[in-house]
Every structure is written in structure tokens, then in C-alpha cells.
Amino acid sequence: MYEERPARLSGAVVWTRAIGPADPGSRPVLPDGCMDLIWADGRLLVAGPDTRAYVPGSPAARYAGVRFAPGQAPAVLGTDASALRDERVDLAGLWGARTARRLADRISDAADPATALESLVLRRAADAPAPDPLMRTVAARLRAGVSVGRAADEVGLGVRQLHRRSLVAFGYGPKTLARILRLRQALALVAAGVPYAEAAHRAGCADQAHLAREMRSLTGMTLTGYAARAGYRARPD
């Protein structure tokens, strides 16, 4: 069973998942522009920004996670997002084995690992530099459907400057982030029962075929296949 709630860190989300007979754990995790700090059966992991669907090979029984807003995690975790693109790494690789083990044990011993993990993130965020404010604006503007060139103009950056800073903040360039955010918007509409063609139009795709191509490119799945695995009622027309 999966549950989530807003985190006390602005823009972030706290989530939990328990793997059982009704949730075998093989459901793919689709790209969303975010990074996560995850407690999984006593281990602390970092999920980097994805450019393709990720399917856990050996899922844990219990998870707790903090999902950072796009561009938020690098300052808290102390690493460029591009270093973790399409990766799942042990926190020991970033913060050292002793520190990671101590923190993992503390969270495992807590009555509520999710709240303990959230508290850890809040402490780290309080001592870390603020995330790049221009990149937060860029993410918001791309989510709203503006072009990369216009987003760059609005924050006063050249396209090349924006690309370099996007690699640090998001793990990939702004065009990739825009594609991922657009796809997520379309999939949210599909999940709400909106027909594929209408979902494509409302999300900013040229047409349903464009959405289908983006789905295959970024996830390796078809829209109908995704809807079936997620338990949604597909409405292609």
C-alpha cells in the first residue's frame, strides 16, 4: 500500500509503501523530475532523477521516503543531480558509511520511520545552502507549458547557462525536464479518466500520437499498458 502527504519542507512530499500480496512491488516508477531520499528496510538510499522507468529488482518490504521538488535535493544531499541521473545509490556513498549507518539505525528504531526521515531532511535543509531560486522558477514555468527559450529569458539566463544550471539542479537539461513534466501532467489526466487525445492536448502535446511517442521514449511503455498496470480504466477515445 502506498500513501503520501505534504512534507514540512516546502514543496517536498513524504511517502510510505508496504509491499504485500496486493502490492507485489514490481510497479514501475516513472520519471517525474524529482529525487528521493529513501529508507528501505533499514537502508538509506538516494534515487536520482530518472529519464526512464525504474522497476525495483528486489523490493523491500517497507519503505519511507522524502520526494524533493525538482531542483531541491542537490543542496540538501550535497551533490549535483547529474551525478545521480538514473541511479539508486546508498547514502554511504554521499555522506560516508559511519554517518549513513548511524542515521539509518536511528530511523529504523523510530516509531514512525517516515516522520524520522522527514526530521532528518529538515535538519539537513536548515544547514544547507538554499536551492537555486532561478531553477525553481524555471521548473514552475516549464510545468506551466512555456518554452525553454522563454523560461530562460524570464529568469535572465542564456540558453546555455540555463542548460548548465539545469544539469546541477535537475540532473538533465531543461528540454528533458519539460518533456517529463508534460508527460506527468498527461498521465495525471489519464488517471482522472480523461481520454487520451484530450489529455494530450491539455498537457501541451501536439496530438495523441505525440503523447504516445513520449510515453514510449520516457517509460518504455504504451499508454494502455501503463493504465492497465496502474489499475486505471483506459479511455483511448
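In what follows, the structure referred to is the one given above.
In this report, the structure presented in the accompanying data block is examined.

### Digging into the overall build of the chain
In terms of helices and strands, the chain carries 11 helices and 6 strands. With the principal axes as the frame, the chain shows a C-alpha extent of 50 × 50 × 25 Å. The buried share among the 237 residues of the chain stands at 45%. Restricting to contacts in the chain with at least 6 residues of sequence separation, those with at least 24 account for 67%.

### Concerning the packing of aromatic side chains
Applying the stated criterion to the full structure yields 2 aromatic pairs. Aromatic side chains Trp15 and Tyr63 sit 6.3 Å apart centroid to centroid with 35° between the ring planes, which places their arrangement in the tilted category. Taken together, the positions of Trp15 in strand 2 (residues 13-18) and Tyr63 in strand 5 (residues 62-68) put the pair 48 residues apart, joining distant regions of the chain. By the ring-pair criterion, three or more aromatic residues cluster together here, those being Tyr2, Trp15 and Tyr63.

### Looking at the environment of Leu211
Tracing the backbone shows Leu211 in helix 10 (residues 208-219). With a relative accessible area of 0%, Leu211 lands in the buried category. For the pair Leu211 and Val138, spaced 73 residues apart in sequence, the C-alpha to C-alpha distance is 22 Å.

### Observations concerning the sheet that holds strand 4 (residues 43-47)
Across the sheet, which stays open at both edges, the 6 strands sit in the order 1-2-5-3-4-6 with antiparallel pairing between neighbours. Pairing within the sheet leaves two strands with one partner each, and these edge strands are strand 1 (2-6) and strand 6 (88-90). Averaged over all neighbouring strand pairs, the angle between strand axes comes to 20°, with direction disregarded. Of the pairings in the sheet, the one linking strand 2 to strand 5 comprises 6 bridges and is antiparallel in character. Within strand 5, the residue paired with Thr16 across the bridge is Ala64. Along the sheet, helix 3 (residues 97-109) makes contact with strand 3 (35-40) and strand 4, crossing strand 4 at roughly 110°. Docked against the sheet, helix 4 (residues 113-127) engages strand 1, strand 2, strand 3, strand 4 and strand 5, running at close to 30° with respect to strand 5.

Reading the values: the criteria
Residues numbered from 1 in each chain as written. Predicted model: local features only at pLDDT ≥ 70, side-chain atom pairs only at ≥ 80, totals over all residues. Heavy atoms only, no water. Helix = DSSP H or I, 4+ residues; strand = E, 2+ residues; numbered from the N terminus. Buried < 20%, exposed > 50% of the residue type's maximum accessible area, 1.4 Å probe, protein only. Contact = heavy atoms within 4.5 Å. Phe/Tyr/Trp six-rings, centres within 6.5 Å; stacked < 30°, edge-to-face > 60°. Pairing = 2+ DSSP bridges. Axes fitted to C-alpha atoms, helices over the stretch in contact; angles between N-to-C directions.

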